[in-house]
Amino acid sequence: MGYLRKFAPQTNSYLLVVTNRSQVALYFTADVLGSAIAWIVFNVYRKWIIEPQVFGEKLPLELDFRFLVGLVFVVGFWFMLFSVAGFYKDVFRRSRLKELGSSIGITILGVVLIFFLLLLDDYIATYRNYYQLLGSLFVLQFCITYIPRLAITSRTIHRIHQRKFWFPTIIIGDGDRAQKLYQELEAQEKSQGNKIIGYLTVNGSSTSNAFGGKVPFMGDAKQFPAIISKVKVEEVIVALEDTEPKELIRVINDMLAFDVAVKAIPSLYDHLTGRVKMSSIFGTPLFQISYELIPLWQGVVKQAMDYLVAFMALVVLSPLILFLTVLIKLTSKGPVIHSQERVGRHGKPFTLYKFRSMYTDAERSGPALSSKRDPRVTRLGRFMRKTRLDEIPNFVNVLLGDMSLVGPRPERQFFINQIVEKAPHYIHLQKVKPGITSWGQVKYGYAENVDQMVERLNYDLLYLENMSLFVDLKIIIYTLITVFRGRGV
């Protein structure tokens, strides 16, 4: 996400692509410099205003090694808090009002933490000095970091409103609703940032002179995976007619597999039930299909725990890994590690690593799921599957960023195609990283056929609806119980 084009009306040509990374770097630089300046000024205030009340004279600020270490710690601390608060996420779609509230809240939290960590033992004349320290640190940190952030956000929003920056957008549909939407977007005095680069239909054909011939027809909505691989798309607006409810559900399901913002035109029912939440007073009424399944701060903690636990597991289990490597080599021919292509988040394929638990020619007749008494499984492999030891190399996938500790188990495209035919909503699982263990794995276990995969899907969808760090912890505990009891198969 974060792909944005800069448009030059004078030359009617596209200039430099403004990436999410460069915009994040701008916010990061402002926050780091602001936090450093705020801490330096605050320490001058401590030496010149607070401590003279104790020692009777103004003390100099010594820029020694200890002070520099403290400066690095404080700046890193603020950067961590700002990251958890989501200040560096989706940086082209910022709301200044929400940013103000977030900045006030996160600054209060940070100041209180710094006070108890670093300032509680300060020399003071009266307890009133504590309030002065807290107040001055808050004012300095908030003003010196928020004002530059506000300036960057305002400048970006202004350029989007002027159509200098825009999001490459595709419309799904070519009926009256779609064409009316296009006219509204083009007529806006202050652009929402949507530049319509093409449109798709659900039947693969287009009405004559759709959109006045100003928008290129790009084909059927089913071709979206191929189209997005060739054309950079940031947003998709679904503008199908009310007479196409089944197509609407199918299209939204298909779009959810990709890292694009999906919006839709609300119906009267959506307005009456309160589903439409406006983010722009002057904008066209659209509601966005939310991808946020877990609060941002929990998402950051979850990812940090993934990397930490995966690294520690590989270190602690290294003797067991070596032992299993020798056993696999001694008991059957073939490689120790079995690698296989699986489908991950947003439908992106990755290579999954496991200890080989089958004979090398196990799938000579094509992809096939394993069963409890599968003759293709080696004797050692049967034990490893019961205790889940064959999945230890999955921790490498976690470190590579392809998987999480907890999440729906990744499947092969061969089986996904079959599952989607029976349960199109399976595609929702691709909104999150696949996991080493899952609610479906704990509650249902391994699936031996596609029908059982569909049954297990219900548990994984339930996980998505209740996703939290607490639920992850429960799943990990149940997984450990399964491992120690040897009930993996």
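Above this text you will find the structure in question.
None of the values given here were measured: they were computed from a predicted structure. (Residues numbered from 1 in each chain as written. Predicted model: local features only at pLDDT ≥ 70, side-chain atom pairs only at ≥ 80, totals over all residues. Heavy atoms only, no water.)

Draft legend 1. Main features of the overall build of the chain. Each helix and strand counted, the chain has 17 helices and twelve strands in total. Every one of the 489 residues in the chain was classed for burial, and the buried ones make up 44%. In the chain, the proportion of contacts linking residues at least 24 apart, taken out of those at least 6 apart, comes to 72%. Here the chain displays about 26,300 Å² of accessible surface, and carbon together with sulfur accounts for 61% of that area. (Helix = DSSP H or I, 4+ residues; strand = E, 2+ residues; numbered from the N terminus. Buried < 20%, exposed > 50% of the residue type's maximum accessible area, 1.4 Å probe, protein only. Contact = heavy atoms within 4.5 Å. Areas by Shrake-Rupley, 256 points an atom, 1.4 Å probe, with all protein chains shown as cover.)

Draft legend 2. Looking closely at the packing of helix H10 (residues 296-316) against helix H11 (residues 318-331). Where H10 meets H11, the closest approach of the two axes is 4 Å, and the angle between their N-to-C directions is 60 degrees. By the criterion of interaxial angle, the relationship of H10 to H11 is oblique. Contacts between H10 and H11 involve Leu314, Val315 and Val316 from the former and Ser318, Pro319 and Ile321 from the latter. Here the contact of H10 with H11 is built from residues that sort into five nonpolar, one polar and no charged. (Axes fitted to C-alpha atoms, helices over the stretch in contact; angles between N-to-C directions. Parallel < 35°, antiparallel > 145°, perpendicular 65-115°, else oblique. Nonpolar A, V, L, I, M, F, W, Y, C, P; charged D, E, K, R; others polar.)

Draft legend 3. Expanded view of the nonpolar core. If you look at the biggest cluster of nonpolar residues, it comprises 39 residues, and the most contacted ones within it are Phe355, Met384, Phe395 and Tyr463. With seven residues, helix H16 (residues 450-465) is the single largest residue contributor to this core. The residues contacting Phe355, other than those within four sequence positions of it, are Ile321, Leu324, Thr325, Ile328, Val336, Ile337, His338, Met384, Leu389, Asp390, Ile392 and Pro393. Counting 33 residues, the second largest nonpolar core, distinct from the first, contains Tyr27, Val74, Tyr88 and Ile114. (Core = buried A, V, L, I, M, F, W, Y, C linked by side-chain atoms within 4.5 Å.)

Draft legend 4. Quick look at the environment of Phe415. Mapping Phe415 onto the fold places it in helix H14 (residues 413-422). Since its relative accessible area comes to 5%, Phe415 is described here as buried. Each C-alpha atom, one on Phe415 and one on Leu369, is 9.1 Å from the other, the two residues being 46 residues apart in sequence. Residues within four places of Phe415 in sequence aside, it is in contact with Pro367, Ala368, Leu369, Val450 and Met453.

Draft legend 5. Just unusual backbone geometry, in detail. Unlike most non-glycine residues, Asp90 shows phi in positive territory, near 50 degrees. Locating Asp90 in the fold gives a position in the loop between helix H3 (65-84) and helix H4 (96-119). Taking relative accessible area as the criterion, Asp90 reaches 32% and is therefore assigned partly exposed. Although it is not a glycine, Phe211 sits at a positive phi angle of roughly 60 degrees.

Draft legend 6. Summary view of the pattern of salt bridges. All chains considered together, the criterion is met by twelve salt bridges. Across the salt bridge formed by Arg93 and Asp90, the nearest N and O atoms sit 3.0 Å from each other. Between Asp374 and Arg376 there is a salt bridge, and its shortest N-O distance comes to 2.7 Å. Exposure class is identical for Asp374 and Arg376. Each is buried. (Salt bridge = Lys/Arg side-chain N within 4 Å of Asp/Glu carboxyl O.)

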